[in-house]
Structure formats: C-alpha cells, structure tokens
Amino acid sequence: MEMGFLSGAERISLALRSLYASFGYEKYKMSRFEPYDFYAENRSFVAGDNILTFTDTNGRLMAMKPDVTMSIVKNYRGGEVRAVYNESVYRDEGDLGEFREITQIGIERIGTIDSVAEAEVLRLAKLSLAELGEEYILDIGSASLVLGLMEATDAPESAKSALLRAVNGKNAGLCDTLCDRYSLSGDTASAWKTLCEVYGSARDVFPALKKAALNDKMASAVDELKAISENIGDVNVDFSIVTDLRYYNGVVFKGYLRGSHAPVLSGGRYDNLVRSLGKSAGAIGFAVYLDSIGAENAQSGVVRIALPKGRLGEKVYDIFEKSGFGCPEMREKSRKLIFENESGGVSFFWAKPSDVPIYVERGAADIGVAGSDILEEYRPDVYELLDLGFGRCRMCVAAPDAFEDDTSRPLRVATKFPNIARRYYTDRSREIDIIHLTGSIELAPIVGLSDVIVDIVETGSTLRENGLRPFETITDISARLITNRASYKFRTSAVLKLKKAVEAALSEG
Ligand code: PRP
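Residues numbered from 1 in each chain as written. Predicted model: local features only at pLDDT ≥ 70, side-chain atom pairs only at ≥ 80, totals over all residues. Heavy atoms only, no water.

Caption draft 1: Examining the overall build of the chain more closely. When you go through the chain residue by residue, the secondary structure sums to 19 helices and 23 strands. Expected size for 509 residues packed as a compact globule is a radius of gyration near 23 Å; at 25 Å, the chain falls within 12% of this value. Principal-axis analysis of the C-alpha atoms places the extent of the chain at approximately 70 × 60 × 55 Å. Sequence-distant contacts in the chain: of pairs separated by 6 or more residues, those separated by 24 or more amount to 68%. Of the roughly 24000 Å² that the chain leaves accessible, carbon and sulfur atoms contribute 48%. Here the chain carries 62 positive and 74 negative side-chain charges, and the mean point of each set is 1 Å from the other. (Helix = DSSP H or I, 4+ residues; strand = E, 2+ residues; numbered from the N terminus. Rg over C-alpha atoms; globule rule 2.2 N^0.38 Å. Contact = heavy atoms within 4.5 Å. Areas by Shrake-Rupley, 256 points an atom, 1.4 Å probe, with all protein chains shown as cover. Lys, Arg positive; Asp, Glu negative; His and termini not counted. Charge placed at Lys NZ, Arg CZ, Asp CG, Glu CD.)

Caption draft 2: A look at helix H15 (residues 418–427). Of the residues making up H15, those classed as buried are Pro418, Ile420, Ala421, Tyr424 and Tyr425. Along H15, the residues classed as buried sweep out an arc of 165° about the axis, all on the same side. Opposite the packed face of H15, turned more than 90 degrees from it, sit the exposed residues Thr426 and Asp427. After H15 finishes, the residue Ser429 shows a positive phi value of roughly 55°. (Buried < 20%, exposed > 50% of the residue type's maximum accessible area, 1.4 Å probe, protein only. Arc of directions from axis to C-beta.)

Caption draft 3: Up close: the layout of surface pockets. Size it by volume and the second largest pocket reaches roughly 780 Å³. What lines the second largest pocket is a set of 33 residues, and nearest its centre among them are Leu312, Pro353, Asp373, Ile374 and Ile456. Here the element with the most residues in the lining of the second largest pocket is helix H14 (residues 372–378); it accounts for four residues. Taken together, the residues of the lining of the second largest pocket break down into 14 nonpolar, nine polar and ten charged. Composition of the lining of the second largest pocket by domain shows at least three residues from each of domain 1 (303–392 + 479–508) and domain 2 (393–476). (1 Å grid on protein atoms, 1.4 Å probe; cavity = no way out; pocket = protein on both sides within 12 Å on 5 of 7 lines; lining within 4 Å. Points joined across faces, edges and corners; volume = space filled by probe spheres on them. Nonpolar A, V, L, I, M, F, W, Y, C, P; charged D, E, K, R; others polar. Domains from an automatic or database assignment.)

Caption draft 4: Here's a closer look at the packing of helix H5 (residues 143–152) against helix H10 (residues 216–232). Interhelical geometry of H5 versus H10 gives an angle of 160° and a closest axis separation of 8 Å. In terms of orientation, H5 and H10 fall into the roughly antiparallel class. When the axes of H5 and H10 are compared, the crossing they make is left-handed. For the pair formed by H5 and H10, the contact residues are Ser144, Leu145, Leu147, Gly148, Leu149 and Glu151 on the first element and Lys217, Met218, Ala221 and Val222 on the second. Looking at the contact of H5 with H10 residue by residue, the classes come out as six nonpolar, two polar and two charged. (Axes fitted to C-alpha atoms, helices over the stretch in contact; angles between N-to-C directions. Parallel < 35°, antiparallel > 145°, perpendicular 65-115°, else oblique. Left-handed = near helix turned anticlockwise from the far one by under 90°.)

Caption draft 5: Geometry of the sheet that holds strand E22 (residues 468–477). Spatial strand order, E20-E19-E21-E18-E22: five strands in an open sheet with mixed pairing. Edge positions in the sheet fall to strand E20 (432–436) and E22, since each of these pairs with one other strand and no more. In this sheet, adjacent strand axes meet at a mean angle of 30° when their direction is disregarded. Pairing between strand E18 (residues 393–400) and E22: eight bridges, direction antiparallel. Counterpart to Ala398 in the pairing with E22 is Pro470. Lying over the sheet, H15 contacts E18, strand E19 (411–415), E20, strand E21 (452–457) and E22, oriented at roughly 170° with respect to E20. (Pairing = 2+ DSSP bridges.)

Caption draft 6: View of the domain arrangement of the chain. Each assigned domain of the chain is listed with its residue range as follows: domain 1 (303–392 + 479–508) and domain 2 (393–476). Computed from C-alpha coordinates alone, the two centres of domain 1 and domain 2 are separated by 31 Å. At the interface, seven residues of domain 1 touch ten residues of domain 2. For the pairing of domain 1 and domain 2, the buried interface totals around 760 Å² over both sides, and the portion due to carbon and sulfur atoms is 41%. Per-residue buried area on domain 1 facing domain 2 is highest for Asp373, Glu377 and Arg392; these three make up 65% of the total on that side. Across the pair Arg423 and Glu376 runs a salt bridge whose closest N-O atoms are separated by 3.2 Å. (Buried area = accessible area lost by both parts, 1.4 Å probe. Salt bridge = Lys/Arg side-chain N within 4 Å of Asp/Glu carboxyl O.)

Caption draft 7: Just the site of the ligand, in detail. Residues in close proximity to the ligand include Lys416, Gly439, Ser440, Glu442, Asp455, Ile456, Val457, Glu458, Thr459, Gly460, Ser461 and Thr462, which together make up its full environment. One nitrogen or oxygen atom from the main chain of Glu458 is found 2.7 Å from an oxygen atom belonging to the ligand. Thr459 places a side-chain nitrogen or oxygen 2.5 Å from an oxygen atom of the ligand. Relative to its free-state accessible area of 490 Å², the ligand is covered by the protein chains to the extent of 66%. Secondary structure elements with two or more residues in the shell around the ligand: E21 and helix H17 (461–465). The class makeup of the residues in the shell around the ligand is two nonpolar, six polar and four charged. (Near = heavy atom within 4 Å. Polar contact = N/O pair within 3.5 Å; in protein donor to acceptor, adjacent residues only side chain to side chain.)

What follows is the structure, encoded as structure tokens:
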C-alpha cells in the first residue's frame, strides 16, 4: 500500500503497533481524562510540577492525563495483561511553565513478570529502536542495585539522594566530595564511584560491578543485569539512567538515536508503582516519544565545543590549544562564530556563559564549559566530566553589616539565582520572598529592596566597598567540563579523549 501521505511519526506509529500486535499486545483505549484526585493522591509518581485541570459539566475537577501507565495500572483487574497504547499526555516541561502535548506509544506487561517476560519487553524495546533509526543505543541499569547500595550506605537520606544525583550526572567529583563529607567507608565510596563511572558493554563493566556489590540485593541485581544483557545482546550498562526509585524497582532502560539529544524510549520494571496503587502484580513496560523523532541535530564529524565568552573561556581554550586541539583562527579578530580544527576533530564556538549548558543539553554542542553556579541553578540534563579547578568563587548569603534576621516575616532575598536561593532556604524551613534581579545585586539591600542577597563572591571587594559582608556560604563554585548525554554515548572515545587531554594539561599546571 502507498503510505507516502503519512508523516514520519505516523509511519513509525503504524510500524510499532504492528510489531507489538505480532507479540500479542492488545490496544488499550482509555478515557482522555482522569479525576484530578487520582494524581493528587499519587503525586510523587507524576512528572512535572503541575497538572492541567478543568471542571467538567458535573462540577468534578478533572485532569488532562500527565501519564498513561498509571491509568492502565489503576484499571488492572488481575491476570496477564499485554497492553499497547498510543496516547497524548500533557506535562509542564521547561522553564516557561507551559504545558506540552507529548505523543507516546508504549507497551505494558502486568501480571507474573519472570525473566522471560522481562526479556520479551527488552527485546521489543530494541526492535522498536531499530524501527526508529539505523544507529541506536539501548542502555540498561538497575534500580534494585541502587536501592541495595542505598541500604548499604550509612548516611542520611538527603546524602543518598545527592549521591544518586552524582550518579545521574556521571559526576565523579561530586561523588568523592559527598563520600568524604559523610565519611563513607572505602567499600561504600568505591561502589558509588563505580556507579558514577561505569559505561559500556556488559563484558566490560561486570567485573567492576561484581566488585561493587556490597549485599545480596546488589549481587542479585548484578546477576540479573548480566542475564539480561546476555539474552538481549548489544546493550550498554549505565546507571545514570536510574532516576525514579519510587516508581521503578528492577531493570530500567533508555534508548537513544544518533543525533537526538534526549532518549526516544524509556521504560523499566515498576512493581513499586503497582503496589502503591493498591494492586499486587509485577509490571514492566516502556514508552516511545514520537515527538522527539525527526528533530535530530545535524551531525558533524567533529566534536563541537561550546566555550563561555570571557576570561574563563579563554583560559579553557588555552588548555585545548596546549593539548593539540587549537584553532589558530580563534586568536584572530573576526566576526566568525565557529572555528574548526579538522585534523584535531574539534570545532569551537563562543556563547554567553549562562547559555553554554543549554547548547550542551540540547546537543548543539557535544562538550562545554560552565560554572558550577549555573549548573546548580538550572540543573541541566548533562554529564559533568571534570572540575577544572579554576574560576573559583563562592555562592553566599550577604547583607549589610548590621543585618539581623527578623523571623516574624518572610526574608526578602534578592538574587540572580532564584533556584539556588529557594533550595537553600527550603532546607532551612525559612520562608522567603524572592526578588529576581539580573545584575548589580549588591544594590538591593542598600536601597531597601531586600534584606539579604544570594550572590557570587570572588574577592569580596564589591561587598566590602558597599558596606555588606558574607553571612553564610551556600556552596563553592568552579568551572566544570560538561557533555551532552547522547554525545557521551555515541562518541564515548572522542569525548573521553578530550577529557583526558584536559586533565593531563591541568595536572601539568
Ligand atoms: C559578580 C557578582 C558580584 C561580583 C563579586 O558580578 O554578582 O557582583 O561579581 O566579585 P568580587 O567578590 O570579586 O567583588 P558580575 O561581575 O558578574 O556582574 P553583575 O554585578 O552584573 O552580576
């Protein structure tokens, strides 16, 4: 049949539906809306901060579905279910508080989930990726292995969440800092570090993972991952994809296509969700994000590096040049925006410092350099490869010398970093009123706009000259080398080669 009138996403949707049908998955049609209460009662499982609601003609508060799996589990009445769905969900994603319609096609298996059932779903994930593009990667990780390590870790829950964040960002530096701060034992610290660093084929990573297993839960999770990868073949093990431990309890997986900056497929074993919704069964499934297909970045053969304009970026460029990756043209005065060193396999462009993580997160640059203040503020979905150790300063709470906190009212905080300020004061249960400014923050308390500021202090001279002083240090700041998640996966050796070159140049001083 001639199918030329179909869009790419429509063609893929048809192909996937017929693939799933051939494995016995039956179409699951659900109502377009759910009562809002359903999500309010299960808030922790819902992606995004807000849910799109409306009042129906009977006066009931309804929600546009933010998630499909929850509805399927809610309607599960026992037995073996193989369901396929093709639905839109509505989520508030991004900084602007706008809702997006996301079209998903996915499958769910609910009932008795043994290793054969798991293998079937993972095989379907792989076949789905093959349908989406020629070059794809399927990564697998294990929520139960991470949960096992958390049980073996003698530290407060907040420290364990921070350690998981280090694993999610492949941030070995943060992992070391946290292990030191909480005086974790050598075995525990090296197990966390292993989870931060391992990436690759089962054969390559299992010796390290076996060594990292500190209890039975971890050991059996390692065996399970090994069995899955032997069964499915050609998958990479990666713990940076293990994010939602309330939802998932076993194997988790994500699929990437060459050129797309974010995963196009995501799934896992989610008995935890089933249990939380009052049902008793095993469950595993995945969703394919149809909207992200066809929006791949133009591919170039070189590794693209985004540098922050200014002194910091120039210093980093010097390092690349010293390591043999320079572009003489970068030193010339011109209006050229992109500079390429073909033989070195790299290209550079300058960007506004706070924009660098956006270029990297969205895959327009493979590698970038950004201050940890910006990374902490926006928490972009990137990997942090290296602390460059320069551009050092501190994020502080500062105020006029005579400042005393009046706890009978909200503290007025002026800042360029509203997320950092909010998290800091939320941890201290202090109610604040954020005044978001874009520069010359020191002015705010002087003219009575705020009580304190949350801002960067480098030499401290701006504060001193204006009769202010730092009261608390929120965090130390330095420049970091970051990389796009998909670039790391598709260009692992090129990215790691650059990281090593920078590391070597730094240690030479
Ligand atoms: C930063 C920061 C402080 C100043 C601190 O400002 O916001 O104002 O540097 O440096 P110091 O401790 O060495 O005095 P930036 O120069 O980025 O400009 P801005 O005031 O426009 O934010």
